[in-house]
Amino acid sequence: MRDGVNLIWRRLGDDYVVFNESSGQTYVPHPLSEWVLREIEVSEKTLGSLADQLVQDAELDPEVAEYRVREVLDEFNTMGLIEPGHKFD
Amino acid sequence: MNVGNLNPDTFAQTLASTGITVRCGPFVTRIISELPELTAPIQLLYSEFPIIEDSLVDFHVRVKAKSGLSHRLRSHITFTLDREEAFFPFHRSLALPLFEWGMNWCVYGNAHQFEMIHGAAVQRGKQTLMMPGVSGAGKSTLCAALVSRGWRLLSDELAIWRPGEDVILPLARPISLKNYSIELMKSFAPNETFGPYFGNTAKGALAHMRAPRESVRKMDEPSAPTHIIFPRYTAGSGPELEAVSKRDAFVRLSEYALNYPVHGKEGFNSLVDMIEKCDCYDFRYSILDDAIRAFDELS
């Protein structure tokens, strides 16, 4: 997670909405984004470790898991949530 | 003393000179205008509002003719807030629509101590409905219909609340009706009071329905929303109330939030708090009586 990012999580029904206090942006993450966001909020993670965990937890094909996680991390990169140019591998 | 209690000549003279100061919900507005085409409609549509004296004023507004030698110039009017022109000049035949749009703008353009949603709000008993929607969705028509059948008008255009407080503050200003809904409402509620008809505005035909006396009398009584209803007039549709997830309601409601970015974390939490406490629905309708019955059955 990028330095200074401070997220406020609020539950609405079965979903979460997230407010980035540092940027003022609001996110309504889909389940995978939510999971990745929580993981990287707690500690630094690589794409590989996230994909491995997804393979284990969701029984996904490793290539699919990596693709999906990379997609989410690219999105977070665009949003400014993670360090720019961060190498995921 | 209410606006409607003044002798019309006295009202006109005062409006043209020192101005008339009225309170609409939390806002005190001093209105000045020499335009005879504006005097009677304002006194009609705001007749139940108390005239305020010795009060701090939030908005000093004036609707006046453009000055100049050109006849074309003098046929146009401006709306000023605190002596600053708020819009491009309008033709003076649209004095009342300009005034009403200007009054709306005073709030959504300046009153950022409040959070605001573009939407209507009505209350009856323990139920308070917030009805966000774009122009043309049918929210004002539905609002007018509900109000004519005993629901209290909180607002037709702007639902506002203080951040951290999940109660909507009433404004109770006239309800703006457009196009087909004007005749529809005059038939549906012939005992209500309507302002003059304007056939050719930027938004189509326009007329206003006066807020009921009781709604104005209770404009100091805020109300916590219990339902968020996204209305949509759909020709031929029976009344259909379809549940919307709170997540989707948040996304959609934030699209109608006029100043959400201003309030940061507090605004975010305030919006979430409000949605948490509400049942959220899409509502499609075509016949007003059906719509009224559907809302009567809301628990």
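Residues numbered from 1 in each chain as written. Chains lettered and ligands numbered in written order. Predicted model: local features only at pLDDT ≥ 70, side-chain atom pairs only at ≥ 80, totals over all residues. Heavy atoms only, no water.

Draft legend 1. Local environment of the side chain of glutamine 123 of chain B. Residues and elements named next belong to chain B. Tracing the chain through its elements places glutamine 123 in strand β7 (residues 115-124). Taking the relative accessible area as the measure of exposure, glutamine 123 reaches 14% and is therefore buried. Reaching out from glutamine 123, the side chain makes a polar contact with the backbone oxygen of glycine 125 at a distance of 2.9 Å. Not counting the four nearest positions on each side in its chain, glutamine 123 is found in contact with Thr128, Trp151, Arg152, Leu154 and Ser223. (Helix = DSSP H or I, 4+ residues; strand = E, 2+ residues; numbered from the N terminus. Buried < 20%, exposed > 50% of the residue type's maximum accessible area, 1.4 Å probe, protein only. Polar contact = N/O pair within 3.5 Å; in protein donor to acceptor, adjacent residues only side chain to side chain. Contact = heavy atoms within 4.5 Å.)

Draft legend 2. Representation of empty space enclosed by the protein within the structure. Residues and elements named next belong to chain B. Overall, the coordinates contain 2 cavities of 30 Å³ or more when judged by the stated rule. Roughly 70 Å³ of volume is contained in the largest cavity. In terms of lining, the largest cavity is formed by Cys24, Phe27, Thr29, Phe59, Met103, Val107, Leu171 and Arg173. In this model, the second largest cavity occupies a volume close to 30 Å³. As for the second largest cavity, its lining consists of Glu115, Met116, Ile117, Trp161, Ala257, Asn259, Tyr260 and Leu271. Across the lining of the second largest cavity, the residue classes break down as 6 nonpolar, 1 polar and 1 charged. (1 Å grid on protein atoms, 1.4 Å probe; cavity = no way out; pocket = protein on both sides within 12 Å on 5 of 7 lines; lining within 4 Å. Points joined across faces, edges and corners; volume = space filled by probe spheres on them. Nonpolar A, V, L, I, M, F, W, Y, C, P; charged D, E, K, R; others polar.)

Draft legend 3. Summary view of unusual backbone geometry. All names here are of chain A. For glutamate 59, which is not a glycine, the phi torsion comes out positive at approximately 55°. Its location among the elements puts glutamate 59 in the loop between α2 (47-58) and α3 (62-79). The class of glutamate 59 is exposed, set by a relative accessible area of 72%.

Draft legend 4. The sheet that holds strand β13 (residues 204-209) of chain B, seen in detail. Residues and elements named next belong to chain B. Overall, antiparallel pairing links the 3 strands, which are arranged β11-β13-β12 in an open sheet. Only two strands of the sheet have a single partner each, and these edge strands are β11 (175-178) and β12 (198-201). For this sheet, the mean inter-axis angle between neighbouring strands, taken without regard to orientation, is 40°. Here β12 runs beside β13; their pairing, made up of 2 bridges, is antiparallel. Opposite phenylalanine 198, over in β13, you have leucine 206 as the bridge partner. This element, helix α5 (residues 139-148), spans β11 and β13 of the sheet and lies at about 125° to β11. (Pairing = 2+ DSSP bridges. Axes fitted to C-alpha atoms, helices over the stretch in contact; angles between N-to-C directions.)

Draft legend 5. Representation of the interface of chain A and chain B. Each partner contributes to the interface: chain A provides 14 residues, whereas chain B provides 13 residues. Between chain A and chain B, roughly 1200 Å² of surface is buried when both sides are summed, and carbon and sulfur atoms account for 68% of that area. Its largest share of buried area at the contact with chain B, chain A owes to Arg10, Leu12 and Phe19 of chain A, together 48% of the area lost on that side. At the boundary of chain A and chain B, one finds 3 salt bridges. As a salt-bridge pair, lysine 265 of chain B and glutamate 21 of chain A come within 3.4 Å of each other at their nearest N and O atoms. Seen at the junction of chain A and chain B, the total is 6 residue pairs in polar contact (both at pLDDT 80 or more). For the side of chain A that touches chain B, the secondary-structure elements that each account for two or more residues are β1 (7-12) and β2 (15-20) of chain A. A class-by-class count of the residues in the side of chain A that touches chain B yields 7 nonpolar, 3 polar and 4 charged. (Buried area = accessible area lost by both parts, 1.4 Å probe. Salt bridge = Lys/Arg side-chain N within 4 Å of Asp/Glu carboxyl O.)

Draft legend 6. Representation of the environment of aspartate 166 of chain B within the structure. Residue and element names in this part refer to chain B. By the secondary structure assignment, aspartate 166 is in the loop between β10 (158-161) and β11. Counting along the chain gives 22 residues from aspartate 166 to alanine 144, while the straight-line C-alpha distance between them is 24 Å. Ignoring anything within four residues of it in the chain, the contact list for aspartate 166 reads Ala224, Pro225, Met274 and Lys277. A distance of 2.2 Å separates a polar atom in the side chain of aspartate 166 from a polar atom in the side chain of lysine 277.

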